[in-house]
Amino acid sequence: MSFVDGICLLVRVIYHVVYSYFEALVHVFKPPSRKSISGEIVLVTGAGHGIGRQFALQLSNLGAILVLWDVNKENNEKTAEEINKAGGKAYAYVCDITKSSHIAEVAAKVRQEVGEVTYLINNAGVLKGAYLTDLDEAAIRHTFEVNILSHFWMDKEFLPYMMKKNHGHILNVSSASALGGSPVLTDYSSSKYAVNGLADSLQQELFVQGYSGIHISTLCPNVVNTGMLRTYESKIKPLLTPEETVEAAVDGMLRNYDIITVPWDFFYAFKIATLLPRKCHGLLFKFGIFKVSPQYKKDD
């Protein structure tokens, strides 16, 4: 690279950095417009309970066609029935998303019976809640199979059609524990850090390949009252409800936000926290500002 080429490249980089900062500042005061999801085929994993169920209900109210996946047949069908009775369209399927072969099998049924998926909500997750030394190998492997490896298999299954049409959206449900680790959540937090890494890397892959019509969003909520974490206490932040969590997630997704934190101020809180000494992070738990107690039993 010549000296002149180097200067031109530097100018281009500076221009895009300044423009990006300006655009981000404008969006703080004037958020991007929401896109329509009416008529889109949306697949939600873990749709029979908690956050997944709320995604299904709220997106149906916006006119989306729902494809619901869960290992719990009864709960999943209840979610679909509620949507269909209200005048929406929902199709329930049992799928073990830890097995790529089962994903491919059920996906083929979806394409035949419903159509091509254009929105994917990677929501299904598990949480054990134990000190690392108390977790057995099977528990750790299961956490990673559900919380992150399934995202790879789901994305690989449904992304090619989105790329063919240069249209689609993938929302990954992560956690605030992926922005800062927590005692008793070593396996869970690690798997959610990986979710953030996959989402960021995939977004960059799509960008450099020119797929401007496909968006990736990552949801990082504080602890949500779904029954997964039964031993959480906080002196400053109460448990979130699935309803308010998904309302914020849907709003952020329809505005094409990359990172969606709930509550919204967590994004800035974690940015500020990175400027503090590492020891200060541990003090939040040591002083009981946030408290998570072990809950895992080997038969969970």
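Scroll up for the structure.
Here the structure is a predicted model, which is why all the values come from computation and not from measurement. (Residues numbered from 1 in each chain as written. Predicted model: local features only at pLDDT ≥ 70, side-chain atom pairs only at ≥ 80, totals over all residues. Heavy atoms only, no water.)

Trainee: Explain unusual backbone geometry residue by residue, including any values.
Mentor: Look at the link from Val 262 to Pro 263: it is a cis peptide, with omega at 0°. As for its placement among the helices and strands, Pro 263 is situated in the loop between strand 8 (259-262) and helix 8 (266-273). Unusually for a residue other than glycine, Asn 166 sits at a positive phi of about 50°. With respect to the helices and strands, Asn 166 occurs in the loop between helix 5 (137-165) and strand 5 (168-173). (Helix = DSSP H or I, 4+ residues; strand = E, 2+ residues; numbered from the N terminus.)

Trainee: Describe helix 5, naming the residues involved and giving the relevant values.
Mentor: Across its 29 residues, helix 5 extends 41 Å between first and last C-alpha, which sits within 8% of the 42 Å expected from 1.5 Å per residue. Taking the largest bend as the criterion, helix 5 deviates by roughly 45°, centred on Leu 149. Just downstream of helix 5 lies Asn 166, where phi reads positive at about 50°. (Expected span 1.5 Å × (residues − 1). Bend = angle between axes of the 7 residues up to and from the residue.)

Trainee: Hey, could you go over the environment of Asn 196 for me, with residue numbers and the actual values?
Mentor: Looking at the element boundaries, Asn 196 is found in helix 6 (residues 186-208). Take Asn 196: its relative accessible area is 15%, and that puts it in the buried class. For the pair Asn 196 and Thr 218, spaced 22 residues apart in sequence, the C-alpha separation works out to 6.8 Å. Once residues lying within four places of it in the same chain are set aside, the contact partners of Asn 196 are Ser 174, Ala 178, Leu 179, Thr 218 and Cys 220. (Buried < 20%, exposed > 50% of the residue type's maximum accessible area, 1.4 Å probe, protein only. Contact = heavy atoms within 4.5 Å.)

Trainee: Describe the nonpolar core, with residues and values.
Mentor: Counting 29 residues, the largest nonpolar core has Val 42, Phe 55, Leu 59 and Leu 66 as its most contacted members. Mapped by element, the contributors of at least two residues to this core are strand 1 (41-45), helix 2 (50-61), strand 2 (65-70), helix 3 (73-85), strand 4 (119-122), strand 5, helix 7 (242-254) and strand 8. With sequence-adjacent residues up to four places away left out, Phe 55 is seen in contact with Val 44, Ile 121, Leu 171, Val 173, Leu 219, Val 246, Ala 249 and Val 250. By size, the runner-up hydrophobic cluster in this structure holds 25 residues, among which are Leu 43, Ala 107, Leu 202 and Leu 206. (Core = buried A, V, L, I, M, F, W, Y, C linked by side-chain atoms within 4.5 Å.)

Trainee: Give a detailed account of helix 7, specifying residues and quantitative values.
Mentor: End to end, helix 7 covers 18 Å across 13 residues, agreeing with the expected 18 Å (1.5 Å per residue, within 8%). Every buried residue of helix 7 is listed here: Pro 242, Thr 245, Val 246, Ala 249, Val 250, Gly 252, Met 253 and Leu 254. Where the residues of helix 7 are buried, they touch helix 2, strand 4, strand 5, strand 6 (214-221) and strand 8.

Worth remembering: the numbers are spatial, not functional.
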